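Coordinate inspection notes
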Amino acid sequence: MLLLGKKVGFALTGSFCTFEKTIPQISKLIEEGAEVLPIMSFSSYNIDSKFGKAQDFINKIEDITCKKIIHTIEDAEPIGPKRMTDIMVIAPCSRKYYWKNG
């Protein structure tokens, strides 16, 4: 279990076309022993798109993580100062913001 005991913040942004491939990655993190803190941007939490209804995605994520999704700025503000995560995943993350070592 590579991530046993690690707290992973998993934030979904508004690139709705990626949700069907991205959400299963949350399950993989949990299978590796991580505790996942689900986070969604305002748009991803509230907007229905041709790729699916926001509430359906919310239900999937909350079922997988057994946690309510953080989706407001006020609820997200303590994440850093309270050190609520060891690792943050921003998904999808465009090439512009992708960091590669080396």
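Here the structure is a predicted model, which is why all the values come from computation and not from measurement.

Moving on, we come to the environment of Ser-15. Mapped onto the elements of the fold, Ser-15 is located in the loop between strand S1 (7–12) and helix H1 (19–31). Classification of Ser-15 as partly exposed rests on a relative accessible area of 26%. Spatially, the C-alpha atoms of Ser-15 and Leu-3 are 26 Å apart, while their sequence positions differ by twelve residues.

The terminal C-alpha atoms of helix H3 (residues 54–65), which comprises twelve residues, lie 17 Å apart, in line with the 16 Å expected from a rise of 1.5 Å per residue. When H3 is considered as a whole, its buried residues turn out to be Ala-54, Phe-57, Ile-58, Ile-61, Glu-62 and Thr-65. One face of H3 carries all of its buried residues, which in axial projection span an arc of 125°. Lining the buried residues of H3 we find S1, H1, strand S2 (35–40) and helix H2 (42–46). Of the residues one or two after H3, Cys-66 is the one with positive phi, at around 60°.

Overall, parallel pairing links the three strands, which are arranged S2-S1-S3 in an open sheet. Each edge of the open sheet carries a strand with a single partner, namely S2 and strand S3 (87–91). Sheet twist, expressed as the mean angle between neighbouring strand axes with direction ignored, is 20°. Where S1 lies against S3, five bridges are found, and the strand directions are parallel. Note on S3: the bridge partner recorded for Val-8 is Ile-87. Here H1 sits on the sheet in contact with S1, S2 and S3, set at roughly 175° to S1. Of the strands in this sheet, S1 and S2 are in contact with H3, which crosses S2 at around 160°.

Rules and cut-offs
- Residues numbered from 1 in each chain as written.
- Predicted model: local features only at pLDDT ≥ 70, side-chain atom pairs only at ≥ 80, totals over all residues.
- Heavy atoms only, no water.
- Helix = DSSP H or I, 4+ residues; strand = E, 2+ residues; numbered from the N terminus.
- Buried < 20%, exposed > 50% of the residue type's maximum accessible area, 1.4 Å probe, protein only.
- Expected span 1.5 Å × (residues − 1).
- Arc of directions from axis to C-beta.
- Contact = heavy atoms within 4.5 Å.
- Pairing = 2+ DSSP bridges.
- Axes fitted to C-alpha atoms, helices over the stretch in contact; angles between N-to-C directions.

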